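Architecture and fold: a report
The residues making up each chain are set out below.
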Amino acid sequence: MTSNAATRTTGYGSTLTQKGALLFGVVFLIVGIAGFIPGLTMDMGTMSFAGNGSMAMLLGLFQVSALHNIVHLLFGIVGLLAARTAGGSRSYLLIGGIIYAVLFVFGLFVANMAGAANFVPLNSADNVLHAFLAVAMIVLGLVLPRAGRTAR
């Protein structure tokens, strides 16, 4: 009997893939909220809604704006919703990883540019984190469904 764990609807967060999506969803929610908390985010007075003019720094390291924080919150909500099914979780991890890979490449080219193209404040720390997230999400989206099948 073959397992269809990658597409079957299961209990919330019950497969490894669902747990991975749940973990990323929770982390993105925490990061999105933290981006609005003074003390966790330095120079809050310089935070703009969008654009590279925001000098607000999450943990003093990652350049953020209100839009950047809202995107993290939305990514978190999508992760929590995706964790309801194994297939949704796999899609969340893979598509999310691809989005972060695109954001990494985008950051390489526009991070220090002025103008409308740089609508999200990105610095070198953001770029490194986005590269890590891209690899981690894609790898987990590919590995966790297989690991879940062999664990059964």
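Residues numbered from 1 in each chain as written. Predicted model: local features only at pLDDT ≥ 70, side-chain atom pairs only at ≥ 80, totals over all residues. Heavy atoms only, no water.

As named in an unreviewed UniProt entry, the protein is DUF4383 domain-containing protein, taken from Curtobacterium citri.

**Some words on the overall build of the protein**
Counting its secondary structure elements, the protein contains 4 helices and 3 strands. Walking the protein from its N terminus toward its C terminus, one meets helices and strands in the order α-β-β-β-α-α-α. Counting the 152 residues in the protein, one finds 41% classified as buried. For the protein, long-range pairs separated by at least 24 residues make up 63% of all intrachain contacts whose partners lie at least 6 apart in sequence. Counting every atom, the protein has about 7800 Å² of accessible surface; 76% of that belongs to carbon and sulfur. (Helix = DSSP H or I, 4+ residues; strand = E, 2+ residues; numbered from the N terminus. Buried < 20%, exposed > 50% of the residue type's maximum accessible area, 1.4 Å probe, protein only. Contact = heavy atoms within 4.5 Å. Areas by Shrake-Rupley, 256 points an atom, 1.4 Å probe, with all protein chains shown as cover.)

**What about the packing of aromatic side chains?**
Tallied over the full model, the rule gives 5 aromatic pairs. Ring geometry for F24 versus F28: centroids 6.3 Å apart, planes at 35°, classification tilted. With F24 and F28 both in helix α1 (residues 16-34) and 4 residues apart, the pair spans about one turn of that helix. The pair F24 / F28 is uniform in exposure class, with both members buried. With 5.6 Å between their ring centres and 15° between their planes, F28 and Y100 make a pair best called stacked. You can see F28 sitting in helix α1 and its partner Y100 sitting in helix α3 (residues 86-110), a full 72 residues away along the chain. (Phe/Tyr/Trp six-rings, centres within 6.5 Å; stacked < 30°, edge-to-face > 60°.)

**Some remarks on the side chain of H130**
Among the secondary structure elements, H130 is positioned in helix α4 (residues 124-151). Judged by its relative accessible area of 2%, H130 is buried.

**Section: a nonpolar patch on the surface**
The grouping of F36, F49, I70, L74, I77 and L81 at the surface amounts to a nonpolar patch, some 550 Å² of accessible area in total. By secondary structure assignment, the location of L81 is in helix α2 (residues 66-82). (Patch = residues over 30% accessible without salt bridge, like charges linked within 9 Å, V, L, I, M, F, W, Y side chains within 5 Å. Salt bridge = Lys/Arg side-chain N within 4 Å of Asp/Glu carboxyl O.)

**Some thoughts on the packing of α1 against α3**
Relative to each other, α1 and α3 sit at 50°, their axes nearing to 8 Å. Classified by the angle their axes make, α1 and α3 are oblique. At the point where α1 passes α3, the crossing takes the left-handed sense. For the pair α1 and α3, the contacting residues are T17, Q18, G20, A21, F24, G25 and F28 in the first and A86, S89, R90, Y92, L93 and Y100 in the second. Per-class residue counts for the contact of α1 with α3 are 7 nonpolar, 5 polar and 1 charged. (Axes fitted to C-alpha atoms, helices over the stretch in contact; angles between N-to-C directions. Parallel < 35°, antiparallel > 145°, perpendicular 65-115°, else oblique. Left-handed = near helix turned anticlockwise from the far one by under 90°. Nonpolar A, V, L, I, M, F, W, Y, C, P; charged D, E, K, R; others polar.)

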